[in-house]
Amino acid sequence: MVTESVLRAEGVVKHYGPVKALQGVSFDLRRGEVHALLGHNGAGKSTLVKTLTGSVQLDEGQIFLDGQAVSISSPSEAQSNGIAWVDQELTLIPNLSIEDNIALGGMESTFLAQRKQHRPRVKQLLEQIGLGHLSPTQEVGTLSIGERQLLEITRAFGRNSKIVILDEPTATLSDFEIERVFAAIREVTAEGVSVIYVSHRLEEIIQICDRATIMRDGQVVTTQEISGLDKSALVNLMVGQLPEFAEVQSIAKEGGNGDFSITNLSINNFVQDVTFGAKGGEIFGLAGQLGSGASLILRALAGLEPKSSGRVVLSGKQFRLGSTLRSRKAGVYFVSNDRKGEGLFLTFTNSRNLTATRLPILAKASIISRSVLKKSAETLMQLAGVDKSRRTMTVDSLSGGNQQKIFIGRNLNHPKMKLLLLDEPTRGVDVKGRAEIHQLIREASASGIGVIFSSTELDEIMELSDIIGVMHKGKLVNVEMRGQTNAAKVFNEMVRESEIEGVKA
Amino acid sequence: MTVITPTAESSTSIASFVRKISLVQIAAVAVAAVLIIFGAITNNFFSLSTFQGILNTSGIIAIVAIGVTFMTLSGNLFTLSASVTVLVLGQAFLEIVHFGPFPAILIILLLGAIIFGLQGWLVGRLGANVIIISVAAGFLQQGVAEYLSGSNPSILAPAGVTSYLWMRNTYGGILFSVWAMFGVVILGELFLRRTVAGRQIYLVGENRAAARTAGINVKRITIIAFVAAGICIAFAATLEAAYTQNAYSQGSYTFDAIVAILIGGTSVLGGKGSLIRTMFGALVVSYLSQMMVMRGYNTPTRVFVEGLLLFGVVVVMQLNDRGRS
Ligand SMILES: Nc1ncnc2c1ncn2[C@@H]1O[C@H](COP(=O)(O)OP(=O)(O)OP(=O)(O)O)[C@@H](O)[C@H]1O
Ligand SMILES: [Mg+2]
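Rules behind the numbers
Residues numbered from 1 in each chain as written. Chains lettered and ligands numbered in written order. Predicted model: local features only at pLDDT ≥ 70, side-chain atom pairs only at ≥ 80, totals over all residues. Heavy atoms only, no water. Near = heavy atom within 4 Å. Polar contact = N/O pair within 3.5 Å; in protein donor to acceptor, adjacent residues only side chain to side chain. Helix = DSSP H or I, 4+ residues; strand = E, 2+ residues; numbered from the N terminus. Domains from an automatic or database assignment. Donors = N, O, S within 2.8 Å, 3.2 Å for Na, K, Ca; no water. Buried < 20%, exposed > 50% of the residue type's maximum accessible area, 1.4 Å probe, protein only. Salt bridge = Lys/Arg side-chain N within 4 Å of Asp/Glu carboxyl O. Contact = heavy atoms within 4.5 Å. Buried area = accessible area lost by both parts, 1.4 Å probe. Nonpolar A, V, L, I, M, F, W, Y, C, P; charged D, E, K, R; others polar.

(A) The site of ligand 1, seen in detail. Residue and element names in this part refer to chain A. As a matter of local geometry, ligand 1 sits amid 20 residues, with Asn41, Thr47, Ser397, Ser399 and Gly401 nearest to it. A distance of 2.7 Å is found between an oxygen atom of ligand 1 and a side-chain nitrogen or oxygen belonging to Asn41. Here an oxygen atom of ligand 1 sits 2.8 Å away from a polar atom, N or O, in the main chain of Gly42. Secondary structure elements with two or more residues in the shell around ligand 1: strand S2 (19-30), helix H1 (45-52) and helix H15 (400-410). Here the element with the most residues in the shell around ligand 1 is H1; it accounts for three residues. Shared between two domains, the shell around ligand 1 takes at least three residues from each, and those domains are domain 1 (5-239) and domain 3 (345-414).

Dropping the structure here:
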């Protein structure tokens, strides 16, 4: 029964105006398998997912469910046919409670009287995915990005579907939470549910998936069993050769621009007495599982956490926390992990997004010329590695990974920048783009500014940091030079032994 | 889900064409058609003098609406006291116009900037609700005006002062207020497109949290948007007072401005739209009222039809927004 196909797409074509997102894609999903969908940013993965879930209509081609030709014209039709999915962008409604969000769009009614009946089930779903500490009545707006992502995942699994599609479900989760997601996947696939899994984190793919379909420029390159493949083989199939970069020469001077020291930083009664610092030209990586406080530290430094205290000195000058304007004046620039909520102006063009933070710099006596804007946007697009022809398109017409590149690009090359903060800098970016973004961050750092980044991906911490700080439950438990530590050690500090047991059980 | 046989062709080119036309486009064409048809069956409607009339009645409404548009673009909906401000500042203008028109205009513009700047400060700084603040500000202004003018609610133009009467003349058959409207649109659009603050108004309106994170001073931008609104509304007040030569009744500016903005297609949520759109919206409002006047309808009917139109616009926009998300 293993080879029985539950879902088949044949010759799917989808164009967005001049953009050929899918050009004749064929794909099949077997019962009980985890099928990876891989490909560079803009390859068409999300578009394929959207045609399968009725979110966009295909121009040509045919979809078969259990061998029956079907046309799926809306998400609710997809759902009533047993397809559940998690979108690449978060879709929860912030000012509704957790339980209402779970009920939302589901088959169950949301009437007040029925909430209580559903509550045990909601609790169980939260428990399963490791969100047991949350209350079903809590507003979603109070959750961190990672928690929201877990909530979306558990909501999808809670739908009792035949097919679950996860479009980059783990982009803001650490290895610790990912284990929980994997446990959930294994549980449902054992019952015959099929899973489509889109991700750029190749280790995950190798760990959890049975087969992989690799896409390039809207076409399928190949579909293969995972067992015969390793990471470099996958990279090769996806993007060919990875770019080679010359070692970045640091031009930072002693006592340079970006030296910073943070003393006794406390945030929201959660992060306590965190003290660290680094010199300009060094990249400081903050590791930690979801809710460890690593993200909070970056947010506090950006001035986004009103209840924060501590002494922060940047380039010899102290500044007070709690105001984005003060932080910006001190030279702090922040790339949030909430690209959609706190980052991009989604329906504005790429050009407007890229120049949004640098209008005062580009203006002469407060007046801005159009040609200056255009030139600046073009330079930044090139820097960020997004095709220049996309300059006047809206940013939400880009694939998720390319949106991230625009977001990063916006925060590069600022003459007044002294400290660059990046929360999850390569969220949703493909292996090649990831290497490019890392290079951009290294170059920015080499100019002498300070860089602090946080990542839930251990590999990224190990690759990019000069200094690694590990957060655990609001405390900075260790700081070491990269040369003096290794991935296993950092992981152990991130996740205490007892908790690891919890996951494996 | 519909199970279809493999032979059935699902998407013909006509179907995909129809799918591409948005509800807004259909609605716009429908409204235009209705307006033109009614115009056509109204005697003498399509004549030069009618169009002069439409233009001439639109100038002041448009300037008020353009002012309110700054607020809308910045993500702060509308003011509900535009009419009151026009009345109160109009009274003030007639009281001080004997100092000479230019000093008087300047003082009124300054007052408008202050009245709205304060409201902007309350909204931007303290996070107050713009609707509530604007209603409260309306009552306050009315109270102050009544206190100052004593028992005499209507203020007439000062006898013998003629130095400002050029403000109510026509030039080339077109009222000064219409030329002023074009001037305000041009200056306003330049401000929005070519200055840092102007562009930041759009960013704040589109995504306030992102603007804040990007280091934009959201409070300052909110105040600037309100001040721009106040200046436009104050300017409209001087034009209105100069034209009517008295200031004793509130026009329907508050409502007209909202209708003009919505018909123009500026997003209620902020971030999208323009002053030019609002100007065209105001012209549609004028067209409508001119037509109704010529067909012999009274003011209540006119307001009723405007209300219907507004209702339609809101419903269509709502449906369209839902379709997009
Ligand atoms: N609404 C849209 N309008 C125009 N172009 C679009 C739209 N949505 C997607 N595209 C384009 O379609 C192509 C495929 O995008 P898609 O989102 O499927 O890529 P992806 O493989 O999911 O990439 P990523 O890994 O970055 O998420 C891209 O070139 C993208 O810019
Ligand atoms: Mg995608």
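(B) Structural view of the coordination of the magnesium ion (ligand 2). Residue and element names in this part refer to chain A. Taken together, the protein ligands of the magnesium ion (ligand 2) are Ser46 (OG) and Gln88 (OE1), with distances of 2.0 to 2.1 Å. Separated by 42 residues along the polypeptide, Ser46 in helix H1 and Gln88 in the loop between strand S6 (83-86) and helix H3 (98-103) bring together distant segments of the chain. Here the two residues Ser46 and Gln88 agree in accessibility, since each one is buried.

(C) Representation of the pattern of salt bridges in the model. The final tally for this structure, using the stated rule, is 22 salt bridges over all chains. Residue Asp66(A) is joined to Arg31(A) by a salt bridge in which the shortest nitrogen-to-oxygen separation is 3.8 Å. With a gap of 35 residues between them, Asp66(A) in the loop between strand S4 (60-65) and strand S5 (68-71) and Arg31(A) in the loop between S2 and strand S3 (34-39) connect regions that are remote in the sequence. In this structure Asp66(A) comes out as partly exposed when scored by relative accessible area, which is 39%. A relative accessible area of 29% means that Arg31(A) is categorised as partly exposed. Between Glu189(B) and Arg193(B) there is a salt bridge; the shortest N-O distance is 2.9 Å. A residue pair is termed a helical-turn pair when its members lie 3 or 4 positions apart in one helix, as Glu189(B) and Arg193(B) do in helix H7 (residues 176-194) at four residues. Overall, the relative accessible area of 7% leaves Glu189(B) in the buried class. Connected through shared salt-bridge partners, Arg201(A), Glu204(A), Glu424(A), Arg434(A), Glu457(A) and Glu463(A) make up one network.

(D) Region of the structure containing the interface of chain B and chain A. The interface is formed by 28 residues belonging to chain B together with 37 residues belonging to chain A. Carbon and sulfur atoms supply 59% of the area buried between chain B and chain A, which totals about 2,800 Å² over both sides. Taken together, the connections running from chain B to chain A amount to zero salt bridges. For the interface between chain B and chain A, the tally reads eight residue pairs in polar contact (both at pLDDT 80 or more). Looking at the side of chain B that touches chain A, the elements that each hand over two or more residues are strand S1 (2-3), H7, helix H8 (196-206) and helix H9 (208-213) of chain B. For the side of chain B that touches chain A, the residue count by class is 12 nonpolar, nine polar and seven charged.

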